[in-house]
Amino acid sequence: MDRRRFLLTGAALGCSAAASPLLTPVAFASAPWDNRLVVIILRGAMDGLDAVRPLGDANWAGLRPTLGSEPGPDLTGFFGLHPALAPLLPLWTAGEVGFAHAVSTPYRDKRSHFDGQDILEAGVAGLDGGLRDGWLNRLMQTVPGIAAETAYALGREQLLILTGAAPVAAWSPEARLRLSAQTRDLIELVQHDDALFRGASAEALAIVDAIADSDAADATAAAMAEDPMMAEIPQGGEHVKLAAFAAARLRGDTRIASFSIGGWDTHQNQVNGLARSLTDLTDTILTLKAGLGPVWGKTGVICMTEFGRTARENGTRGTDHGTAGALIYAGGAVHGRQVITDWPGLAEADLYAGRDLLPTRDVRAHAGWMMRGLFGIETGLIESAVFPGLQMGADPGLVL
């Protein structure tokens, strides 16, 4: 059993299940860069055709007779936003949010959430070779001197995207790791002669200390309180707590953070379901911006989903599993105010398999160019080590 896996079980401290740093990591790692990267996995397959609407495509309205009936903001004259994303308009105007459309992973046709998410997080073309690590962890493996500042987990599943040989840890917003001095002494005494348990306990105690250090959290809370955009954002949601904690860590030595937001599987009553999820995502992005304060200018955020949804709405006023979709990116370090796409069209003959938006760009290429722009990682290294076999193609211009 390696130290990280032992720590993730929560056994090192004998904590309650709620305190165990397990499950959907929000994971963090310090790195020798000044810029920050936040990767948000949108679990359940976000409908990119509703989130970023191709209003200028003559076929869009006919494919969706009930979806999109509530108007949203215009972006480019061709693309518009779902109304739940309207709070991001000030970021759009400032060039701090943008979109990429008709993108997908290499996953095709089977449309399984589980396989689609695994491929998205592993960053590989297929599952035949088995899943060994995630692409963010492989990114960290390419740079000497990477050290885990903290590695935390949120929810009830482990993030594959940060699994691997590079040191990473995890945090849960439900964790209650309060240890008295006597408890610390007892742990050190009992585990003194056991190198495996002693090392795991030392790492766990470091996490306790990091959580207890409130300076970054206080600075983040103050920045959020001063930001008028936070006035309409409920503070009790798990996604907001997670974004606030991520901002606090990123204000310090942390350089990479990743977490997930669920609720995107909209087979029926999509009008209500998608609005809720997009509101959560909007709140998350605005919380990151407010909490990061001056560090926002050094940050890139990329929001990715496992696949898109069908071009046509179904009989229950929803959409089924599709292929291509949309990517959302944000931050003070990005070149926003653009919808990047080689738009394939929504005519019958243009659809993939007669049902889905056709992918015209690999979503991994956008993630690769984000890392290239933020961290200066060579494209050859990204194509060979981070996303093996990927051809990144031309720079889409996500980063300033």
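Only a predicted model underlies this, so the values are computations on that prediction, with no experimental measurement involved.

Caption draft 1: Region of the structure containing the overall build of the chain. Scanning the chain from terminus to terminus reveals 13 helices and 10 strands. Within the chain, the fraction of its 400 residues that count as buried is 57%. Long-range contacts, defined as pairs at least 24 residues apart, comprise 77% of the intrachain contacts of the chain with a sequence gap of at least 6. Carbon and sulfur atoms make up 53% of the accessible area of the chain, which amounts to about 15600 Å² in all.

Caption draft 2: Molecular detail of the packing of aromatic side chains. Throughout the structure, instances matching the rule amount to seven aromatic pairs. Pairing phenylalanine 79 with tryptophan 343 gives two aromatic rings, centres 5.4 Å apart and planes at 85°, and the pair type is edge-to-face. Of this pair, phenylalanine 79 sits in the loop between α3 (60-63) and β4 (80-81) while tryptophan 343 is found in the loop between β9 (339-340) and β10 (361-362), placing the two residues 264 residues apart along the sequence. An identical accessibility class is assigned to phenylalanine 79 and tryptophan 343; each is buried. Considering the side-chain rings of tyrosine 107 and phenylalanine 307, the 6.3 Å spacing of their centres and the 25° angle between planes classify their relative orientation as stacked. Of this pair, tyrosine 107 sits in the loop between β5 (97-104) and α5 (113-122) while phenylalanine 307 is found in the loop between β7 (299-305) and β8 (325-330), placing the two residues 200 residues apart along the sequence. Judged on exposure class, the residue tyrosine 107 and its partner phenylalanine 307 are both buried. An aromatic cluster of at least three residues, connected via ring pairs, comprises Phe78, Phe79 and Trp343.

Caption draft 3: Representation of the pairing of β8 within the structure. Most of β8 sits inside the fold, with six of its six residues counted as buried. Here β5 runs beside β8; their pairing, made up of six bridges, is antiparallel. When the bridges of β8 are listed, alanine 100 appears paired with leucine 327. The pairing of β7 with β8 spans three bridges and is antiparallel. By the bridge assignment, cysteine 303 is partnered in β8 with isoleucine 328.

Caption draft 4: Examining the pairing of β5 more closely. Within β5, eight of the eight residues are buried, leaving the element largely enclosed by the surrounding structure. Two strands pair when backbone bridges link them, and β5 and β9 are joined in this way by two bridges, in the parallel orientation. Paired with phenylalanine 99 across the two strands is valine 339, which belongs to β9. As paired elements, β5 and β10 share two bridges and run parallel to each other. Note that in β10 the partner of valine 103 across the bridge is arginine 361.

Caption draft 5: Structural view of the packing of helix α12 (residues 363-375) against helix α13 (residues 379-386). Close contact between α12 and α13 brings their axes to 10 Å; oriented N to C, the two are set at 135°. When the axes of α12 and α13 are compared, the pair comes out oblique. Our pair here, α12 against α13, has a crossing hand that is right-handed. In this structure, α12 uses Gly368, Trp369, Met371 and Arg372 to contact α13, whose residues at the interface are Thr379, Ile382 and Val386.

Caption draft 6: Inspection of α12 at higher detail. In this model, α12 (13 residues) spans 18 Å end to end at C-alpha, consistent with the 18 Å of a helix rising 1.5 Å per residue. Glycine 376 occupies a position one or two residues after α12 and carries a positive phi of about 75°.

Caption draft 7: Inspection of the side chain of threonine 299 at higher detail. Here threonine 299 is to be found in strand β7. Sequence-distant contacts of threonine 299, that is, excluding residues within four places in its chain, are made with Arg36, Val38, Leu292, Ala330, Gly331, Gly332, Ala333 and Val334.

Caption draft 8: Structural detail: the nonpolar core. Grouped together as the largest cluster of nonpolar side chains are 56 residues, with contacts concentrated most on Ile40, Phe99, Ile285, Leu288 and Leu346. At eight residues, the largest contribution of residues to this core is made by helix α11 (residues 270-292). Ignoring sequence-local partners within four residues, the contact set of isoleucine 40 consists of Phe259, Ile261, Thr284, Leu288, Val301, Ile302, Cys303 and Met304. Among the nonpolar cores identified, the runner-up in size contains 42 residues, and Val39, Leu327, Met371 and Leu374 belong to it.

Caption draft 9: Molecular detail of the environment of glutamate 313. One can find glutamate 313 in the loop between β7 and β8. When neighbours within four sequence positions are excluded, glutamate 313 is seen to be in contact with Leu63, Arg64, Pro65, Thr66, Leu67, Gly318 and Thr319. A polar contact of 2.6 Å, which involves the side chain of glutamate 313, links it to the side chain of threonine 66.

Caption draft 10: A look at unusual backbone geometry. One non-glycine residue, asparagine 269, adopts positive backbone phi at about 50°. When you line up the elements, asparagine 269 lands in the loop between β6 (254-261) and α11. Classification of asparagine 269 as partly exposed rests on a relative accessible area of 43%. With phi around 60°, arginine 317 is a residue other than glycine that occupies positive phi space. Examined against the element boundaries, arginine 317 turns out to sit in the loop between β7 and β8.

Rules and cut-offs
- Residues numbered from 1 in each chain as written.
- Predicted model: local features only at pLDDT ≥ 70, side-chain atom pairs only at ≥ 80, totals over all residues.
- Heavy atoms only, no water.
- Helix = DSSP H or I, 4+ residues; strand = E, 2+ residues; numbered from the N terminus.
- Buried < 20%, exposed > 50% of the residue type's maximum accessible area, 1.4 Å probe, protein only.
- Contact = heavy atoms within 4.5 Å.
- Areas by Shrake-Rupley, 256 points an atom, 1.4 Å probe, with all protein chains shown as cover.
- Phe/Tyr/Trp six-rings, centres within 6.5 Å; stacked < 30°, edge-to-face > 60°.
- Pairing = 2+ DSSP bridges.
- Axes fitted to C-alpha atoms, helices over the stretch in contact; angles between N-to-C directions.
- Parallel < 35°, antiparallel > 145°, perpendicular 65-115°, else oblique.
- Left-handed = near helix turned anticlockwise from the far one by under 90°.
- Expected span 1.5 Å × (residues − 1).
- Core = buried A, V, L, I, M, F, W, Y, C linked by side-chain atoms within 4.5 Å.
- Polar contact = N/O pair within 3.5 Å; in protein donor to acceptor, adjacent residues only side chain to side chain.

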